[in-house]
Amino acid sequence: MITKLIDLYGRSVERAEAALDGWFLGLLARFVFAAVLLVYYLNSAATKVGDGIAGFFAVGDNAYFQILPSVVEAYGYDASQVPFFPWDIIVFAGTYAEFILPLLIVLGLFTRLAALGMIGFTLVQSYVDIAFHGVDAKTIGSWFDRLPDATILDQRAFWIFLLLVLVVKGAGAVSLDWVLGKQLRANLSKRHATA
């Protein structure tokens, strides 16, 4: 009896894995990212640029105050005095990465690269929060304690895990990556057939 139950369980799990393989995990990870983090990152990025369409192309002083507060302080709170290299580059890259990378993930376009970029962004964001914004120990948190709600170590560990799923598994069959990959494979096989 127990052997039959174990065998039934094993076959059921194998069928479920086969049915979901290649599409479900990537789609679910992108859905959860969209539901939990997309609006958060887009709203955060929007506070760093000007108003309207033209304002989108102008990184505002607020971006410097959010990303590099101690650097702006060192230049008398005048963002126009902050040197281009490396600080302006960091602010521009951080601001537009916060717009572009989440959208790429949700669309499933260049997903692995975008998720890897978001992991780097999240790590830098966490470092800036600790080193420059002076968040307290409760906000930083610690692992293996009884409290699972610290913003930095607890929440962002889940964000990074979610992004690692996308780096390892990809966006899945319901994505622009899959469509473009299918098109590329078709074009390559046509070339090889005519060569």
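Residues numbered from 1 in each chain as written. Predicted model: local features only at pLDDT ≥ 70, side-chain atom pairs only at ≥ 80, totals over all residues. Heavy atoms only, no water.

## Topic: the side chain of Gln 125
Phase 1 of the analysis: By the element assignment, Gln 125 lies in helix 7 (residues 111-131).
Phase 2 of the analysis: Owing to a relative accessible area of 13%, Gln 125 belongs among the buried residues under this scheme.
Phase 3 of the analysis: The residues contacting Gln 125, other than those within four sequence positions of it, are Tyr 40, Tyr 41, Arg 156 and Trp 159. (Helix = DSSP H or I, 4+ residues; strand = E, 2+ residues; numbered from the N terminus. Buried < 20%, exposed > 50% of the residue type's maximum accessible area, 1.4 Å probe, protein only. Contact = heavy atoms within 4.5 Å.)

## Comments concerning a nonpolar patch on the surface
Phase 1 of the analysis: Together, Leu 20, Trp 23, Phe 24, Leu 28, Phe 31, Val 32, Val 36 and Val 174 give the surface a local cluster of nonpolar side chains, amounting to about 670 Å² of exposed area.
Phase 2 of the analysis: At 5 residues, helix 2 (residues 24-46) tops the list of elements feeding residues into the nonpolar patch.
Phase 3 of the analysis: Position of Val 32 relative to the elements: it lies in helix 2.
Phase 4 of the analysis: On the accessibility criterion, Val 32 (31% relative accessible area) is partly exposed. (Patch = residues over 30% accessible without salt bridge, like charges linked within 9 Å, V, L, I, M, F, W, Y side chains within 5 Å. Areas by Shrake-Rupley, 256 points an atom, 1.4 Å probe, with all protein chains shown as cover. Salt bridge = Lys/Arg side-chain N within 4 Å of Asp/Glu carboxyl O.)

## Focus on the nonpolar core
Proteins that are soluble and globular tend to have nonpolar side chains buried together.
Phase 1 of the analysis: Within the largest apolar cluster, 20 residues are counted, with the highest numbers of intra-cluster contacts made by Phe 33, Tyr 41, Leu 101, Ile 105, Met 118 and Leu 163.
Phase 2 of the analysis: For this core, the elements supplying multiple residues, two or more each, are helix 2, helix 6 (84-107), helix 7 and helix 9 (151-169).
Phase 3 of the analysis: Per-element tally for this core: the top contributor is helix 9, with 6 residues.
Phase 4 of the analysis: Beyond its immediate stretch of four places on either side in the chain, Leu 101 contacts Ala 114, Gly 117 and Met 118.
Phase 5 of the analysis: Ala 63, Leu 68, Ala 79 and Phe 99 belong to the second-largest nonpolar core, a separate cluster that totals 14 residues. (Core = buried A, V, L, I, M, F, W, Y, C linked by side-chain atoms within 4.5 Å.)

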